[in-house]
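Notes for the structure review
Now for the letters of each chain:
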Amino acid sequence: MNLDFRDQIADLQNAAENWTPQRTLAWAFETFGNGVAISSAFGAEGMVLIDIASRVRKDFRLFTMDTEFLFPETYSLMDRIEERYGIAIEKVYPALSPEEQERTHGTALWSRNPDFCCNLRKVEPLRRKLSELSAWTTSIRRDQTSARASARRIEWDANFGLAKINPIVDWTSKQVWRYIHDHDVPYNQLHDQDYPSIGCTHCTRAGRWPGFAKTECGLHIIEPAADSAAAFQNSDGSDQDL
Ligand code: SF4
């Protein structure tokens, strides 16, 4: 199936550029069935995607990387999502608990080697989750970062070896917030306190990875990577907001 998809990708990409998010999601659900899932960290874009998906198919799959370092407001939002949309979020955990990570790699790894910390708590768990799927759906937008500027609505994800669907890739931040207000979509209350994007407690408050050139977790790399280490070393972009 993947070889067929890769053969058709160029024609499909061109056609899909004019698709609405609704049509893109309908195509993804029809094409991949239970093998496609939405990945989200529940930022504003992610909430829009979840709401649109709920109007296309009631029982869509939704997963998140739970680093175990998330804000209480994010966990509260997850509860609200499950209640409003009638779904169970698939929570993907790192192999090491926070305590095991501290025992193995020392205290506050995120302040000494954030690439390694993100690899342990996001990239490797994501790789494990994506190995179960034929396609993943994200809420990345082209104007978020330079790394995302060339993203297509439908792509082959060479890093993780599956199809990647980006239904709102051409949306602006203004469109996202207009949709949220027009459709009364729940969102993380930290946005009301001027948090532009919300990830782990250790790294969000003072800005992403202060003191490091790092700006991306390694989840949306355009260039192929032979392994996860290459994936996070080559990164440049912004945050976990899938
Ligand atoms: S965002 Fe910070 S705490 Fe979270 S996984 Fe990355 S380095 Fe670790």
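In short, a report on the structure. Please read these numbers as outputs of a predicted model, since none were measured by experiment.

Let's shift gears to the overall build of the protein. Counting secondary structure elements, the protein contains 10 helices and six strands. Across the 242 residues in the protein, those meeting the buried criterion constitute 41%. Taking all contacts inside the protein whose residues are at least 6 apart in sequence as the whole, residues at least 24 apart take part in 76%.

Another point: the sheet that holds strand β4 (residues 135-137). In space, the six strands of this open sheet follow the order β3-β2-β1-β4-β6-β5, with mixed pairing throughout. Edge positions in the sheet fall to β3 (90-92) and β5 (154-157), since each of these pairs with one other strand and no more. Pairwise comparison of adjacent strand axes, ignoring direction, gives a mean angle of 30° for this sheet. Looking at chain direction, β5 and strand β6 (residues 162-165) are connected through four bridges and run antiparallel.

Take the packing of helix α2 (residues 21-32) against helix α3 (residues 44-56) next. Interhelical geometry of α2 versus α3 gives an angle of 65° and a closest axis separation of 9 Å. For the crossing formed where α2 meets α3, the hand is right-handed. From α2, Pro21, Gln22, Leu25, Ala26 and Phe29 reach across to α3, where they touch Ile52, Ala53 and Val56.

Time to look at α2. The end-to-end C-alpha distance of α2 is 16 Å, a good match for the 16 Å that 12 residues give at a rise of 1.5 Å each. All of the buried residues along α2 are Pro21, Thr24, Leu25, Trp27, Ala28, Phe29 and Phe32. Gly33, located one to two residues past α2, shows a positive phi value of around 55°.

A few words on the nonpolar core. Core analysis: the largest hydrophobic core is formed by 48 residues, its most contacted members being Ala28, Val48 and Ala135. Ranked by residue count, the leading element in this core is α3, at seven residues. Ignoring anything within four residues of it in the chain, the contact list for Ala28 reads Val36, Ala135, Thr137 and Ile165.

Right, let's get into the site of the ligand. What surrounds the ligand is the set Thr67, Phe69, Trp110, Pro114, Cys117, Cys118, Arg121, Lys122, Gly199, Cys200, His202 and Cys203. When contributions to the shell around the ligand are tallied by element, the ones reaching two or more residues are α7 (114-130) and α9 (201-204). Take the shell around the ligand: its biggest share by element is five residues, from α7.

One can describe the packing of α3 onto helix α8 (residues 173-182) by two numbers: an axis separation of 9 Å at closest approach and a directional angle of 55°. Here α8 runs oblique to α3, going by the angle between their axes. The interaxial crossing formed by α3 with α8 has left-handed handedness. Of the residues in α8, those touching α3 at Ala44, Glu45, Met47 and Val48 are Val176, Trp177, Tyr179 and Ile180.

With burial as the criterion, each face of strand β2 (residues 62-65) is covered, one bearing Leu62 and Thr64 and the other bearing Phe63 and Met65. The sheet contact formed by strand β1 (residues 36-39) and β2 spans two bridges and is parallel. Within β2, the residue paired with Ile38 across the bridge is Leu62. Read from β1 through α3 to β2, the crossover connection turns out right-handed. Across three bridges, β2 lies against β3 in parallel orientation. Note that in β3 the partner of Phe63 across the bridge is Glu90.

Glancing now at unusual backbone geometry. Most peptide bonds take the trans configuration, and most residues that are not glycine carry a negative phi. Here the phi dihedral of Glu68 falls at roughly 70°; this positive angle occurs in a residue that is not glycine. Tracing the backbone shows Glu68 in the loop between β2 and α4 (72-85). Assessed through the 15 C-beta atoms surrounding it within 10 Å, Glu68 is described here as partly exposed. The backbone of Ala108 shows a phi angle near 45°, a positive value even though the residue is not glycine.

The next point concerns the environment of Phe42. Along the chain, Phe42 turns up in the loop between β1 and α3. For the pair formed by Phe42 and Pro186, sequence separation is 144 residues and the distance between their alpha carbons is 9.6 Å. Beyond its immediate sequence surroundings of up to four residues, Phe42 is in contact with Met47, Thr64, Thr74, Leu77, Met78 and Asn188.

What counts and what doesn't
Residues numbered from 1 in each chain as written. Predicted model: local features only at pLDDT ≥ 70, side-chain atom pairs only at ≥ 80, totals over all residues. Helix = DSSP H or I, 4+ residues; strand = E, 2+ residues; numbered from the N terminus. Buried ≥ 20, exposed ≤ 12 C-beta atoms within 10 Å, placed from the backbone. Contact = placed C-beta atoms within 7 Å. Pairing = 2+ DSSP bridges. Axes fitted to C-alpha atoms, helices over the stretch in contact; angles between N-to-C directions. Left-handed = near helix turned anticlockwise from the far one by under 90°. Expected span 1.5 Å × (residues − 1). Core = buried A, V, L, I, M, F, W, Y, C linked by C-beta atoms within 7 Å. Near = placed C-beta within 6 Å. Parallel < 35°, antiparallel > 145°, perpendicular 65-115°, else oblique. Right-handed = clockwise from strand over helix to strand, strands pointing away.

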